[in-house]
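Structure at a glance
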There are 2 protein chains.
Amino acid sequence: MGNKELRISPSVIRRLPVYLRLVQELKELSIATISSQEMGDRLDLNPAQIRKDLASFGEFGRKGVGYNVAYLDWKLRQILNLDRQINVALIGAGHLGIALSNYARFQSERIKITAVFDRDPQKIGQKVGSLTVADAQDLPLYRQKYNLQMGIIAVPASAAQEVCDELVAAGIKVILNFAPANLRIPKGVHLRNTDVTTELQALAYYLENE
Amino acid sequence: MGNKELRISPSVIRRLPVYLRLVQELKELSIATISSQEMGDRLDLNPAQIRKDLASFGEFGRKGVGYNVAYLDWKLRQILNLDRQINVALIGAGHLGIALSNYARFQSERIKITAVFDRDPQKIGQKVGSLTVADAQDLPLYRQKYNLQMGIIAVPASAAQEVCDELVAAGIKVILNFAPANLRIPKGVHLRNTDVTTELQALAYYLENE
DNA sequence: TAGATTGTTAATCGATTAACAATC
DNA sequence: TAGATTGTTAATCGATTAACAATC
């Protein structure tokens, strides 16, 4: 691509996969064209926001007509780097790790968990789907060999910072963390946290308190 | 509690569990008092934001001193309704569901997965940890019997809307959805989506594109 | 007391939404 | 063409941060 346009805000980026998902549904319904109005209706978003989000990546709607679904699909994948395979390192072969490797595999073919690591000698050598659990120490080796570009941390909170540091040291700059821990990362690394406990605790606020 | 204070914004609510997590760590370190400055350092947040967040729930810092860790712990739990047991219905006994029931159980004792449901006759009757998978049809029954207050949707996207409707029909108003689907909910229901695929796709944007 | 830190107001920053000219 | 819908500017709304008086 080359010129990364004027720093797009994370809020915008996080909506793009949602648009992409809708586009898949539209394709299945053989809908060829869609307006921001209709997209907004389906996603419960403001149409102006959708237009603005998309327009940050160039003009690709047709005035009076709307967006071409096939092109939108192509464009969104291009923006999100989903036009090529992305190799993911999964660290942690516990219940969560195994579920993730199953789950993620199904969903999106271009993002592939290519290697699974653990530190527990009991787990190293075991099979997780078609992958063999490797020693977390060998991360840098695998990093190169398999061109690992993303990391998923699925270890207990107590080990998360160490694993994170190892990922960064191995040159992985994009990390999804499932451990309930406040991880420290250097500049230039992208970290996203997603933790069930935190989500549930926040949701608990909305319970009717009798 | 009674008077829910002047509508607190979701951004504030979502930070509270993070504060709570820090407070647990402080307790383990036998730290009795902490300033917003120190909290901000540890969490990489602006101290003013932390003070403002906490102040929305009353004055409980001491000027010139900071916050009492034990009281902060108590107060945060009270705000988040974590001062009593919360019974959670888990719908979907696949890999993800099983991982969640294992995972969540560990983390936080007051939020308990109390019942697991599925629609697949193969799965109904099977054990998930100490729980027996029930028929999703019987949700309303269990809802009453076990005072289920929250729902977790861990079914495939194709079934998610139906399950969501069933949860709502059974009177469950707080839902955490793991399926990659844009669910429709009526007013008064709180839904939070957390979907690995969406997260990974958004993160993919930040890969260096060579 | 003097130093530290809260609670809160005001200032800033960023994100969402409304409005509309351009144009398909 | 007339109606529809984009792309974009301006207006609004909300969230974050700075600053500081109050006070422990």
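As a reminder, the structure under discussion sits directly above these lines.
Residues numbered from 1 in each chain as written. Chains lettered and ligands numbered in written order. Predicted model: local features only at pLDDT ≥ 70, side-chain atom pairs only at ≥ 80, totals over all residues. Heavy atoms only, no water.

Considering the sheet that holds strand β3 (residues 66-68) of chain A
Residues and elements named next belong to chain A. Stated formally: We treat two strands as partners when DSSP finds at least two bridges between them. Segments assigned H or I by DSSP are reported as helices when at least four residues long, segments assigned E as strands when at least two residues long, and all are numbered from the N terminus. By definition in these notes, contact holds between two residues if any of their heavy atoms fall within 4.5 Å. For helices, the axis comes from a line fit to the C-alpha atoms of the stretch in contact; other axes are also lines fit to C-alpha atoms, and the angle between any two N-to-C directions lies between 0 and 180 degrees.
The sheet built from three strands is open, its strands ordered β1-β3-β2 with antiparallel pairing. Both edges of this open sheet fall to β1 (33-34) and β2 (61-62), since each of them pairs with a single strand only. In terms of strand pairing, β2 meets β3 through two bridges, oriented antiparallel. The residue bridging Arg62 from the neighbouring strand is Gly66, located in β3. Packed on one face of the sheet, helix α4 (residues 69-79) meets β1 and β3 and runs near 70 degrees to β3.

Quick look at the protein's contact with DNA strand D
Convention followed: Being near a molecule or strand, for a residue, means having at least one of its heavy atoms within 4 Å of it. For the purposes of these results, a polar contact is taken to be a pair of N or O atoms within 3.5 Å, where, inside protein, one atom must be able to donate a hydrogen and its partner to accept one; residues adjacent in sequence count only when each atom of the pair is a side-chain atom. Residues are grouped as follows: nonpolar covers Ala, Val, Leu, Ile, Met, Phe, Trp, Tyr, Cys and Pro; charged covers Asp, Glu, Lys and Arg; every other residue, Gly included, is treated as polar.
Taken together, 24 residues lie around DNA strand D, and Ser36, Arg51, Gly61 and Tyr67 of chain A together with Arg62 of chain B are the ones closest in. Among atoms of DNA strand D positioned within 4 Å of the protein, sugar and phosphate together represent 64%. The backbone of Phe60 of chain A places a nitrogen or oxygen atom 3.0 Å from a phosphate oxygen of DNA strand D. Contact distances for DNA strand D include 3.1 Å between a phosphate oxygen and a side-chain N or O atom of Arg15 of chain B. Residue assignment for the surface near DNA strand D shows that the elements contributing at least two residues are α3 (47-55), β2 and β3 of chain A together with α1 (10-28) and α3 (47-55) of chain B. Looking at which element gives the most residues to the surface near DNA strand D, the answer is α3 of chain B, with four residues. Grouping the amino acids of the surface near DNA strand D by side-chain chemistry returns four nonpolar, ten polar and ten charged.

Considerations on the protein's contact with DNA strand C
As a structural note, the neighbourhood of DNA strand C is formed by 24 residues, with Arg62 of chain A together with Ser36, Arg51, Gly61 and Tyr67 of chain B the closest of them. Restricting the count to atoms of DNA strand C within 4 Å of the protein gives a sugar and phosphate share of 63%. With respect to DNA strand C, the side chain of Arg51 of chain A contributes an N or O atom lying 3.2 Å from a base nitrogen. Taking Arg51 of chain B, its side chain carries an N or O atom lying 2.8 Å from a base oxygen of DNA strand C. The set of elements that each furnish at least two residues to the surface near DNA strand C consists of α1 (10-28) and α3 of chain A together with α3, β2 (61-62) and β3 (66-68) of chain B.

Thoughts on the relation of the copies chain B and chain A
Stated formally: Fitting of the copies onto one another was done by least squares over C-alpha atoms, counting residues only where both copies have pLDDT of at least 70.
The transformation that overlays chain B on chain A combines an axial shift of 0.0 Å with a rotation of 180 degrees, and the residual RMSD is 0.0 Å. On this basis, the relationship between the two copies can be described by a two-fold rotation axis. Relative to the rotation axis, the C-alpha of Ala99 of chain B is the closest in chain B, positioned 3.1 Å from it. A symmetric contact is evident, with 100% of the interface residues of chain B recurring at the interface of chain A.

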